[in-house]
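Here's the letter readout for the chains.
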Amino acid sequence: MGLSYGTDDREFIVVGGMPEVVSSFSENKDFSQVFQLQKDIISLYQDDISKHAKGKEKQLVRMCYDAVPKQLAKELKKFQYSTVEKGQTRRKYGGSVKWLKDSCLVNACYNISEPYLPLMANEKEEQYKLYINDTGLLTGMYGFETKRSILNNTIKGNAKGGIYENVIAECLVKRGYSLHYFKPDDDHELEFLIEKDGGVIPIEVKAGNTAPVSLNNFINDYSPQLAYKLISNRNGRDGVKKILPHYFVMFI
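Residues numbered from 1 in each chain as written. Predicted model: local features only at pLDDT ≥ 70, side-chain atom pairs only at ≥ 80, totals over all residues. Heavy atoms only, no water.

Draft legend 1. A look at the environment of leucine 72. For leucine 72, the position within the fold is in helix α4 (residues 57-74). On the basis of relative accessible area, leucine 72 is assigned to the buried category, the value being 8%. For the pair leucine 72 and asparagine 166, spaced 94 residues apart in sequence, the C-alpha separation works out to 8.2 Å. For leucine 72, the residues in contact, after removing those within four places along its chain, are Leu130, Tyr131, Leu138, Tyr142, Asn158, Ala159, Gly162 and Asn166. (Helix = DSSP H or I, 4+ residues; strand = E, 2+ residues; numbered from the N terminus. Buried < 20%, exposed > 50% of the residue type's maximum accessible area, 1.4 Å probe, protein only. Contact = heavy atoms within 4.5 Å.)

Draft legend 2. View of a nonpolar patch on the surface. A surface patch of nonpolar side chains, about 340 Å² in accessible area, is lined by Tyr247, Met250 and Phe251. Take methionine 250: it is sitting in the segment after β8 (241-245). (Patch = residues over 30% accessible without salt bridge, like charges linked within 9 Å, V, L, I, M, F, W, Y side chains within 5 Å. Areas by Shrake-Rupley, 256 points an atom, 1.4 Å probe, with all protein chains shown as cover. Salt bridge = Lys/Arg side-chain N within 4 Å of Asp/Glu carboxyl O.)

Draft legend 3. Here's a closer look at the pairing of β8. Of all 5 residues in β8, 4 are buried; the element is thus mostly enclosed. Bridge analysis of strand β6 (residues 227-231) against β8 gives 5 bridges, and the strand direction is parallel. Bridge pairing in β8 places leucine 230 opposite leucine 244. Bridge analysis of strand β7 (residues 236-238) against β8 gives 3 bridges, and the strand direction is antiparallel. (Pairing = 2+ DSSP bridges.)

Draft legend 4. Layout of the sheet that holds strand β5 (residues 199-205). In spatial order, the strands read β2-β1-β3-β4-β5-β6-β8-β7; together these 8 strands make up an open sheet with mixed pairing. In the strand order of this sheet, the two ends are held by β2 (123-132) and β7, each with one partner. Across this sheet, the average inter-strand angle for adjacent strands is 30°, counted without regard to direction. Relative to the sheet, helix α5 (residues 90-102) contacts β1 (106-112) and β2, its axis offset from that of β2 by approximately 55°. Sitting on the sheet, helix α8 (residues 158-174) touches β1, β2, β4 (188-196), β5 and β6, and the angle it makes with β4 is about 10°. (Axes fitted to C-alpha atoms, helices over the stretch in contact; angles between N-to-C directions.)

Draft legend 5. Quick peek at the pairing of β5. Of all 7 residues that make up β5, 7 are buried, and the element is covered over most of its length. By the alternation rule, side chains of β5 split into Gly199, Ile201, Ile203 and Val205 and Val200, Pro202 and Glu204, which are all buried. By the bridge criterion, 5 bridges tie β4 to β5 in an arrangement that is antiparallel. Bridge pairing in β5 places isoleucine 194 opposite isoleucine 201. Counted between consecutive antiparallel strands, the loop separating β4 from β5 contains 2 residues, among which aspartate 197 sits at a positive phi close to 55°. Both β5 and β6 contribute to a ladder of 3 bridges, which runs parallel. Of the residues in β6, the one forming a bridge with valine 205 is leucine 230. In this fold, the crossover linking β5 to β6 by way of helix α9 (residues 213-222) has right-handed handedness. (Right-handed = clockwise from strand over helix to strand, strands pointing away.)

Draft legend 6. Layout of unusual backbone geometry. The peptide bond linking leucine 117 to proline 118 adopts the cis configuration, its omega dihedral lying at -10°. Within the secondary structure, proline 118 is located in the loop between β1 and β2. The backbone of cysteine 104 shows a phi angle near 65°, a positive value even though the residue is not glycine. Along the chain, the position of cysteine 104 falls in the loop between α5 and β1. Unusually for a residue other than glycine, serine 223 sits at a positive phi of about 50°.

Draft legend 7. Local environment of the side chain of serine 214. Positionally, serine 214 belongs in helix α9. Here the side chain of serine 214 touches glutamate 189 through a polar contact of 3.0 Å, landing on its backbone nitrogen. Setting aside chain neighbours within four positions, we find serine 214 in contact with His188, Glu189, Leu190 and Glu204. (Polar contact = N/O pair within 3.5 Å; in protein donor to acceptor, adjacent residues only side chain to side chain.)

Draft legend 8. Looking closely at the packing of aromatic side chains. Inspection of the entire model under this criterion finds 12 aromatic pairs. With a centroid separation of 4.9 Å and 40° between ring planes, the pair formed by phenylalanine 218 and tyrosine 222 is classed as tilted. With phenylalanine 218 and tyrosine 222 both in helix α9 and 4 residues apart, the pair spans about one turn of that helix. Tyrosine 222 sits in the partly exposed class, given a relative accessible area of 32%. Each residue in the set Phe79, Tyr81, Tyr110 and Tyr128 is aromatic and connected to the rest through ring pairs, giving one cluster. One cation-aromatic arrangement involves lysine 101 over tyrosine 128; the distance from NZ or CZ to the ring centre is 4.0 Å. (Phe/Tyr/Trp six-rings, centres within 6.5 Å; stacked < 30°, edge-to-face > 60°. Lys NZ or Arg CZ within 6 Å of the ring centre and 35° of its normal.)

Draft legend 9. Examining the environment of isoleucine 13 more closely. Position of isoleucine 13 among the secondary structure elements: in helix α1 (residues 10-15). Judged by relative accessible area, isoleucine 13 falls into the buried class, the value being 0%. With near-sequence residues (within four places) excluded, isoleucine 13 lies in contact with Thr135, Gly136, Thr139, Ile150, Ile163, Tyr164 and Val167.

The structure is reproduced here in structure tokens:
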């Protein structure tokens, strides 16, 4: 299909971690087959929504699920009910979002009021982001040409940042961490905070290698014992800040 193989984490972003998909790719190295299997899994998820959600909730849950990739592509700062349906609020869609969270089809990441333990006690319950539970499925929802652009490292725009956030969220959940983010004002945001070794550890995710302004501000204000900047293909250390490739998140 004219695709060049990624030399870093791009193959994982496209293939994801679904066992059937991983097995197929390991044997065949066929991205077209990967895409077809992912479409089948997404259809199964949609069937599950139809089977297990009740009454009118079926359509509302489906609309919320379909809205997650769109919101990530716009790099919205929190999940907005109005992007599911214009003018709507939690009153109509709050239960549907809860259904998706409880079924583990999405991973929720909550904004916090202050970065102190325990983070769950500082959650702003109505300010959260949603991430698709498998980044391969997310890119499958975007379509084959998006996968091609990821593999060829030509993808641009807000969608790129949303995809990289999604893969880090997925890996942190699989490592057993709860997801939180910190947005102290309109101009700064840390993508993730985790609880580790008796402290709160900030993680800034960059699709490129721009300056980590929000991370630097956090270090100055809160003096964490350790901080991470995740970027592509680079290792380094600057004080408490570790600079690592995205795929190193599996070792955090």
